[in-house]
Amino acid sequence: MTSTHTEHRSGESIGSRRSAPKWLRILIPALLILVWFAGAGIGGPYFGKVSEVSSNDPTAYLPESADATQVRNLLTEFNDSDTIPAIVVFAGDTALTDTDLAKISDSLTGLANTPGITDGVSPAIPSEDGKAAQAFVPIDSDADLGDTVAALGETLRADAPSGVNVYVTGPAGFSSDLAAAFSGIDGLLLGVALIAVFLILIVVYRSLLLPVAVLATSMFALCVALLTVWWLAKAGVILLSGQTQGILFILVIGAATDYSLLYVARFREELRITTDKWQATMRAVRASFEPIVASGGTVIAGLLCLLLSDLKSNSTLGPVAAIGIVFAMLAALTLLPAILFAFGRAAFWPRRPVFEPDVVEAEHGMPSGGIWRKFAALIKRRPRAIWVTTAIVLAAGALGVTQLNAVGVPQSDLVIGSSEARDGQLALGEHFPGGSGSPATVVVPKDELQAAADVLLAHSDIDGVSVVSKDSPSGSAPITADGISAFGPPGTPAPEPTVVDGDVMIQATLTSAADSDAAADTVREIRSELSDAVPGALVGGVTATAIDTNTASIHDRNLIIPVVLAVILVILMLLLRSVVAPILLVLTTALSFGTALGVSALVFNGVFNFPGADPAVPLFGFIFLVALGIDYNIFLMTRVREESVKHGTREGILRGLTITGGVITSAGLVLAATFAALAVIPILFLVQIAFIVAFGVLIDTFIVRSLLVPALSYDIGEKIWWPSKLSRASKRVDTAN
């Protein structure tokens, strides 16, 4: 039998040499490596240029139909400029003297020549308690926001009176904080992710060259993906944000490494049964092609479901991440095989695969001994007890989902750690209306100005509105019911409003911080009353943007999750040519997601004391966990089906688990480590996604794929392949023992 097996391999090798001359065997891998090197060489420098084509402005990602979006589009027409307001707060422990106020005014006047700051700096406005003053500084939207805000703070602090603290807050301050938090994506995030993956690969392979080859494959895929995404964003085809960029980096590195692990395992198998590395390469590519393409295709299909999102930050992530997965698959199926062909067995040094077809034949394709043989033996003895127990444990963890507070978080809590903008907002709220500098902006027909003003004034000082003004972001020219200004000399009339296409703009300063629940309630009430009094009135601003964003995000979550499940179910049915197995795989993966989300909710509330979560957190967690988690079931079940055709279903399940156990576990550890690296970026959303996905992948790897799915499948037996012919195949003799 062994002799026949060896002759068969030798015959295939000879045939392969005839169909692929030696020069072609050298030329094809060399060309593939050169093409990828060229792509990486061109794409590499774009890591430092992403900020040129990305935006973290939340309004830019709202649907065009949202009130906040329409108001934002009209602002430049009313204000004749495109600026981002910064609020500067001067706060002292005691009342500010006239000398202090004069010095503050002088420093504000001196800002006229500061790069990035436009005309229109307001005078210092003292607080009623006399202990603080505020000023509004417009910043050019084309300027480097982080540098301009930093320079503004340094300049004013240098000139501030003794004992007076200076804070830069408002929209510009919070945007600057976000930009600073995202600045670590190109360096810190990539560095942590690559180091974590490299260490895992060192442990897995106990080799130096192989981890380098796998990481090179991942980085080359990322470089080419980034190059493609950058130019699409430059052309305005897609929107790119720091959040999307970070997820793209992690997704490509994790997916490309996982696909590479699968190929390396197949290549090692083939090297044990043939001396011809070209033959080993071709067979490894053919064997890896279906599971890698099926896995990547499932992830891409799930990601593209995000195109159904109303929120552009969700819909744009779909194609961006899908592009990354495409290049991850291509690199794993072209670049890595070319590299490993070039090095051959030396790539595995010092643990080079030995040509031992007799041993492989004796093992029947399964590694001897090891933990996965023990797992298989345990499942064979007590399959029902194992899957029932694991299902109950996972279901218990999923109960924690009821504790998840995913209804949105204040803008001031988006950045984890120190925040000057957050400190400034607290100081602002102590001495001024909390919504100063971030007013609710109302656009109404000119003829309806008084009716709209009446609605707003009805809330004044009672239901959340402190100051109502025409055309003035600073609130320095408020109107009352009779149109008389409350600032300046008594009797000073309010300025005539700017009229644009028959519409006028009113701004209402809220008593509560613009990102608070109280401010959101006030804006909702104003919208409701305006819709009755002034049909067609639009309400925008920071608070309205947060409301519209949460509304769109909740809509996306409720729509996309069932669509993704349906799409993945169809793909699995086509792949496995079965109905029962795909349903079980989707249900177990969904259960795993529920457990990950439930446990995460308990950790977020009880350990980290997070203020809540964005409504998109469950959606993103679902997309990544279900789409990526199903990968491991695809890796397992495609091998199980392959073995079931030869040895019967129950034996095929045990063999599939034993053969794929090591590589899938390694892949799970890599993916968990790469997503965990997102936590180094101090953005609440990314930290929560990092924990949910990393924890969920570990559950999926060590419990769902190792115990639940094999035990449940073993208990069901051949019927798991219903209605395919395999479900009616006669039970084969167990040859494993």
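Since the structure is predicted, the reported quantities are computational estimates derived from the model, not experimental observations.

Conventions used here
- Residues numbered from 1 in each chain as written.
- Predicted model: local features only at pLDDT ≥ 70, side-chain atom pairs only at ≥ 80, totals over all residues.
- Heavy atoms only, no water.
- Helix = DSSP H or I, 4+ residues; strand = E, 2+ residues; numbered from the N terminus.
- Buried < 20%, exposed > 50% of the residue type's maximum accessible area, 1.4 Å probe, protein only.
- Areas by Shrake-Rupley, 256 points an atom, 1.4 Å probe, with all protein chains shown as cover.
- Expected span 1.5 Å × (residues − 1).
- Arc of directions from axis to C-beta.
- Contact = heavy atoms within 4.5 Å.
- Polar contact = N/O pair within 3.5 Å; in protein donor to acceptor, adjacent residues only side chain to side chain.
- Pairing = 2+ DSSP bridges.
- Axes fitted to C-alpha atoms, helices over the stretch in contact; angles between N-to-C directions.
- Phe/Tyr/Trp six-rings, centres within 6.5 Å; stacked < 30°, edge-to-face > 60°.
- Lys NZ or Arg CZ within 6 Å of the ring centre and 35° of its normal.
- Salt bridge = Lys/Arg side-chain N within 4 Å of Asp/Glu carboxyl O.
- Parallel < 35°, antiparallel > 145°, perpendicular 65-115°, else oblique.
- Nonpolar A, V, L, I, M, F, W, Y, C, P; charged D, E, K, R; others polar.
- Core = buried A, V, L, I, M, F, W, Y, C linked by side-chain atoms within 4.5 Å.
- Bend = angle between axes of the 7 residues up to and from the residue.
- Left-handed = near helix turned anticlockwise from the far one by under 90°.
- pLDDT = per-residue confidence, 0-100.

This paragraph deals with the overall build of the chain. The helix and strand tally for the chain stands at 23 helices and 8 strands. In the chain, which comprises 737 residues, the proportion classed as buried is 56%. Taken as a whole, the chain presents about 29300 Å² of accessible surface, with 62% of it coming from carbon and sulfur.

Turning our attention to helix α5 (residues 145-159). With 15 residues, α5 extends 21 Å from end C-alpha to end C-alpha; this agrees with the ideal 21 Å at 1.5 Å per step. For α5, the complete set of buried residues consists of Leu145, Thr148, Val149, Leu152, Gly153 and Leu156. Burial along α5 is one-sided: seen end-on, the buried residues are contained in an arc of 130°. Counted as exposed and oriented over 90 degrees from the buried face of α5: Asp147, Glu154 and Ala158. Close packing links the buried residues of α5 with β1 (83-92), α4 (98-109), β3 (132-140), β4 (164-169) and α6 (170-182). At the N-terminal boundary of α5, the capping side chain belongs to Asp144, with an oxygen 3.3 Å from the backbone nitrogen of Gly146.

Let's shift gears to the sheet that holds strand β2 (residues 125-126). The 4 strands are arranged β2-β3-β1-β4 in an open sheet whose pairing can be described as antiparallel. Edge positions in the sheet fall to β2 and β4, since each of these pairs with one other strand and no more. Summarising the sheet, β1 and β3 pair through 9 bridges and their orientation is antiparallel. Paired with Ala91 across the strands is Ala132, a residue of β3. This element, helix α16 (residues 420-431), spans β1, β3 and β4 of the sheet and lies at about 115° to β4.

This paragraph deals with the pairing of strand β7 (residues 503-510). Taken residue by residue, a regular strand's side chains alternate between the two faces of the sheet. In terms of burial, β7 is a largely internal element, 7 of the 8 residues being buried. Pairing between strand β5 (residues 440-445) and β7: 6 bridges, direction antiparallel. Paired with Val442 across the strands is Ile506, a residue of β7.

Enumeration according to the criterion identifies 19 aromatic pairs in this entry. Here Tyr263 and Phe267 contribute two aromatic rings whose centre-to-centre distance is 5.9 Å and whose plane-to-plane angle is 15°, an arrangement assigned as stacked. In this pair, Tyr263 and Phe267 both sit in helix α9 (residues 242-271), 4 residues apart, roughly one turn of the helix. The burial state of Tyr263 is the same as that of Phe267; both residues are buried. Members of the aromatic cluster, joined through ring pairs, are Phe604, Phe608, Phe610, Phe691 and Phe695. For Lys49, the ring lying beneath its charged end belongs to Tyr46, and the centroid distance is 4.9 Å. Over the face of the ring belonging to Tyr714 we find Arg650, whose NZ or CZ atom lies 5.5 Å from the ring centre.

Below, the discussion takes up the pattern of salt bridges. This model, assessed by the stated rule, comprises 14 salt bridges. Residue Asp276 is joined to Arg25 by a salt bridge in which the shortest nitrogen-to-oxygen separation is 3.4 Å. Residue Asp276 is found in the loop between α9 and α10 (277-304), and its partner Arg25 is found in helix α2 (residues 22-43); the two are separated by 251 residues along the sequence. As a salt-bridge pair, Arg157 and Glu420 come within 3.2 Å of each other at their nearest N and O atoms. Here the residue Arg157 occupies a position in helix α5, and Glu420 occupies one in helix α16, the gap between them amounting to 263 residues. For Glu420, a relative accessible area of 30% puts it in the partly exposed group.

What follows is about the packing of helix α18 (residues 517-533) against helix α19 (residues 542-576). Where α18 contacts α19, the axes come no closer than 9 Å and their chain directions differ by 85°. Between α18 and α19, the crossing angle belongs to the class labelled roughly perpendicular. Contacts between α18 and α19 involve Ala519, Ala520, Val523, Arg524 and Arg527 from the former and Thr543, Ala544, Ile547 and Asp548 from the latter. Of the residues that constitute the contact of α18 with α19, the class distribution is 5 nonpolar, 1 polar and 3 charged.

Tyr259 and Phe624 are the most contacted members of the largest nonpolar core, which has 163 residues in total. Not counting residues within four places of it along the chain, the set of residues in contact with Tyr259 comprises Ile292, Ser295, Gly296, Val299, Ile325, Ala328, Met329, Ala332, Asp631 and Phe635. Formed by 27 residues, the second largest nonpolar core is a distinct cluster that contains Ile506, Leu510, Ile526 and Leu530.

Next up on the list: the side chain of Gln507. Of note, Gln507 is situated in strand β7. When its relative accessible area of 4% is taken as the criterion, Gln507 is described as buried. A distance of 3.4 Å separates the side chain of Gln507 from the side chain of Thr441, its partner in a polar contact.

This part takes up helix α12 (residues 317-343). Compared with an ideal rise of 1.5 Å per residue, which puts 27 residues at 39 Å, α12 spans 37 Å between its outermost C-alpha atoms and is within 8% of the ideal. In the structure, α12 departs most strongly from a straight axis at Ala331, where the bend amounts to approximately 35°. Within α12, 22 of the 27 residues are buried, leaving the element largely enclosed by the surrounding structure.

Going from Trp349 to Pro350, the amide bond is cis rather than trans, its omega being 10°. A positive phi angle is found at Arg577, which is not glycine, with a value near 55°. Within the element layout of this structure, Arg577 appears in the loop between α19 and α20 (580-606). Classification of Arg577 by relative accessible area gives partly exposed; the value is 46%. The phi angle at Asn609 is positive, at roughly 55°, despite the residue not being glycine. A residue is classified by how much of its surface remains accessible, and Asn609, at 58% relative accessible area, is exposed.

Turning to the packing of α9 against α12, a few remarks are in order. Across the interface, α9 lies against α12 with an axial gap of 8 Å and an inter-helix angle of 30°. Considering their axes alone, α9 and α12 lie roughly parallel with respect to each other. Along this stretch, α9 crosses α12, giving a crossing that reads as right-handed. Judged by residue contacts, Thr244, Ile247, Leu248, Leu251, Val252, Ala255, Ala256, Tyr259, Ser260, Tyr263, Val264 and Phe267 of α9 engage Leu317, Val320, Ala321, Gly324, Ile325, Ala328, Met329, Ala332, Leu336, Pro337 and Leu340 from α12.

Moving on to the environment of Ala581. Its place among the elements puts Ala581 in helix α20. Between the alpha carbons of Ala581 and Leu569 there is a distance of 9.7 Å; along the sequence they are 12 residues apart. Other than its neighbours up to four places away in sequence, Ala581 contacts Leu576, Ile720 and Trp721.

So, on to the environment of Ala133. Its place among the elements puts Ala133 in strand β3. With near-sequence residues (within four places) excluded, Ala133 lies in contact with Val88, Val89, Phe90, Leu96, Leu101, Ala124, Ile125, Pro126 and Phe432.

Mapping Thr658 onto the fold places it in helix α22 (residues 649-676). Assessed through its relative accessible area of 4%, Thr658 is described here as buried. Each C-alpha atom of the pair Thr658 and Ala377 lies 9.8 Å from the other, and the pair is 281 residues apart in sequence. Within polar-contact distance, the side chain of Thr658 engages the backbone oxygen of Leu654 at 2.8 Å.

Overall, the prediction assigns the chain a mean pLDDT of 83, with 88% of residues at 70 or greater. No element of the chain has a lower mean pLDDT than helix α1 (residues 2-19), at 43, and none a higher one than helix α15 (residues 383-398), at 95. Within the model, pLDDT remains below 50 along residues 472-494, and this stretch shows 42 contacts once partners closer than five positions in the same chain are excluded.

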